[in-house]
Amino acid sequence: MRHDESRALYDRALSVIPGGVNSSVRATRPYPFFIERGDGAHVVDADGNRYLDYVMGYGPLLYGHDPPEPVRAAIQSYASEGPMYGAPTEVEVELAEFVARHVPSVEMTRFVNSGTEATVSAVRLARGYTGREKIVVMQGGYHGAQESTLVEGGPDGAEPSSPGIPSSFAEHTIPVPFNDSEAIEAVFAEHGDEIAAVLTEPILGNTGIVHPVDGYLERLRELTADHGALLIFDEVITGFRVGGLQCAQGKFGVTPDVTTFGKIVGGGFPVGAIGGRAAIIEQFTPSGDVFQSGTFSGHPVTMAAGYEYLKYAAENDVYEHVNRLAERLRKGISDILEDQAPGYTVVGTDSMFKTVFTRGGTVGDAGDAEDSDVCAAGCRQRESCSKYDTCPKTGADVANAETDRWERIFWQEMKERGIFLTANQFESQFVSYAHTEEDVEETLEAYKETL
């Protein structure tokens, strides 16, 4: 493959855009390839190279780059009638009604413009509703570029993880390891009457797709309820992808007080949302006193795209298709790893997948009785699995993987074979409705050659 045009574009971008990119995850080595257009499950770069795309815009593109006709028609119709008005429209009511009908935790929804804005607003809402200040988050969890959650450290003390954030923000945030019930029980024993909310992804989706161990989410629900704190699920990634229209909370059977959304709920356009019990969501202005507002919130084109996106999924076999192909991918990669790199771990669920280059923990021959119960289609945190002791259970476990091997070698080799994966070890990958069985087989062949 030639990348002359992408290299030239990157050179231009470095002069006018910091780092040459508008989101840091796009800064691949030695330079990013610039996309010219999408085509179904593929993207084509500025040099004419064609790639099978599993990045899918980092999650929003449930249908790939060619959305179904009702979605396209709605987008074109609303865009042609005027971009936005600064006043309500019927379609935002329709989308809010759809979300309330399908997501267990949601009675009301406030739409905003990004996943970050959704989590910022959810944290403010939790503090305003409870009159408390402390927020518990998971180490390795990600809730957007906001001051309250860009922290590092542990329960005994947190510091900002980025310059530009005053230490006073981190003083009110308590990071705990995901999947560690004892750690969060200790935090509630010490700070229970100060905690406004526990904010967590039901699955760590930005750190290698780490599943909750059995009973962990249920324990979070119990602790928050017992201490008068809110349980907030960040479903920006998992929302309307894991668990279908009921989202991950429906899949796991744990209902939070508040849920944040993004990505798919906007049909590929900029969006965020905060949903939950009416008594809580009504604390937002103007019905309550917790200030929240935004010029582009409930943008009619975004609302129309999201509404038609989700209606089409409700009326067709979208989730059956994407989940089946992703399961085939995870099983196929697991088979390849068994032969070529048994220490690595396949993770993911529904239409999400990733290979984590875990260190050590190799298993024996497939015929060994002790190894016959390995999770075949992605780690499920089952204690009976022979890899249970070495599969990643926290964000730190993923960070301890061979992250440089992914970025410097594996991703580069897959790209040269025409497979577009997320460029670091941490970000999730996604199957879309546009992918086919043939695409899966092509991808597995590339994995086999590269690994």
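Calculation criteria
- Residues numbered from 1 in each chain as written.
- Predicted model: local features only at pLDDT ≥ 70, side-chain atom pairs only at ≥ 80, totals over all residues.
- Heavy atoms only, no water.
- Helix = DSSP H or I, 4+ residues; strand = E, 2+ residues; numbered from the N terminus.
- Buried < 20%, exposed > 50% of the residue type's maximum accessible area, 1.4 Å probe, protein only.
- Lys, Arg positive; Asp, Glu negative; His and termini not counted.
- Salt bridge = Lys/Arg side-chain N within 4 Å of Asp/Glu carboxyl O.
- Polar contact = N/O pair within 3.5 Å; in protein donor to acceptor, adjacent residues only side chain to side chain.
- Contact = heavy atoms within 4.5 Å.
- Pairing = 2+ DSSP bridges.
- Axes fitted to C-alpha atoms, helices over the stretch in contact; angles between N-to-C directions.
- Parallel < 35°, antiparallel > 145°, perpendicular 65-115°, else oblique.
- Left-handed = near helix turned anticlockwise from the far one by under 90°.
- Nonpolar A, V, L, I, M, F, W, Y, C, P; charged D, E, K, R; others polar.

Draft legend 1. Layout of the side chain of Asp45. Turning to its location among the elements, Asp45 is positioned in strand S2 (residues 42–45). Nearest to the buried, unbridged Asp45 among oppositely charged side chains is Lys415, at 7.6 Å. For Asp45, the side chain forms a polar contact with the side chain of Tyr51, separated by 2.9 Å. With residues near it in sequence (within four places) discarded, Asp45 still touches His3, Phe33, Phe34, Ile35, Glu36 and Tyr51.

Draft legend 2. Region of the structure containing the sheet that holds S2. On the basis of which strands lie adjacent, the open sheet formed by 4 strands has the order S1-S2-S3-S15 and mixed pairing. Only two strands of the sheet have a single partner each, and these edge strands are strand S1 (35–39) and strand S15 (419–420). As paired strands, strand S3 (residues 50–53) and S15 are joined by 2 bridges and run parallel to one another. What sits directly across from Leu52, in S15, is Ile419.

Draft legend 3. The arrangement of the environment of Thr255 in detail. Structurally, the position occupied by Thr255 is in the loop between helix H8 (247–252) and strand S11 (258–262). Remark: the alpha-carbon pair of Thr255 and Ser105, spanning 150 residues in sequence, is separated by 5.5 Å.

Draft legend 4. Spotlight on the packing of helix H11 (residues 318–340) against helix H14 (residues 437–450). Following both chains from N to C, one finds H11 and H14 inclined at 20 degrees, their axes separated by 10 Å at the closest point. In this view, H11 runs roughly parallel relative to H14, as classed from their interaxial angle. Where H11 crosses over H14, the handedness of that crossing is right-handed. Contacts between H11 and H14 involve Arg324, Leu325, Arg328, Leu329, Gly332, Ile333, Ile336 and Gln340 from the first element and Glu437, Val440, Glu441, Thr443, Leu444, Tyr447 and Lys448 from the second. Among the residues forming the contact of H11 with H14, the class breakdown is 7 nonpolar, 3 polar and 5 charged.

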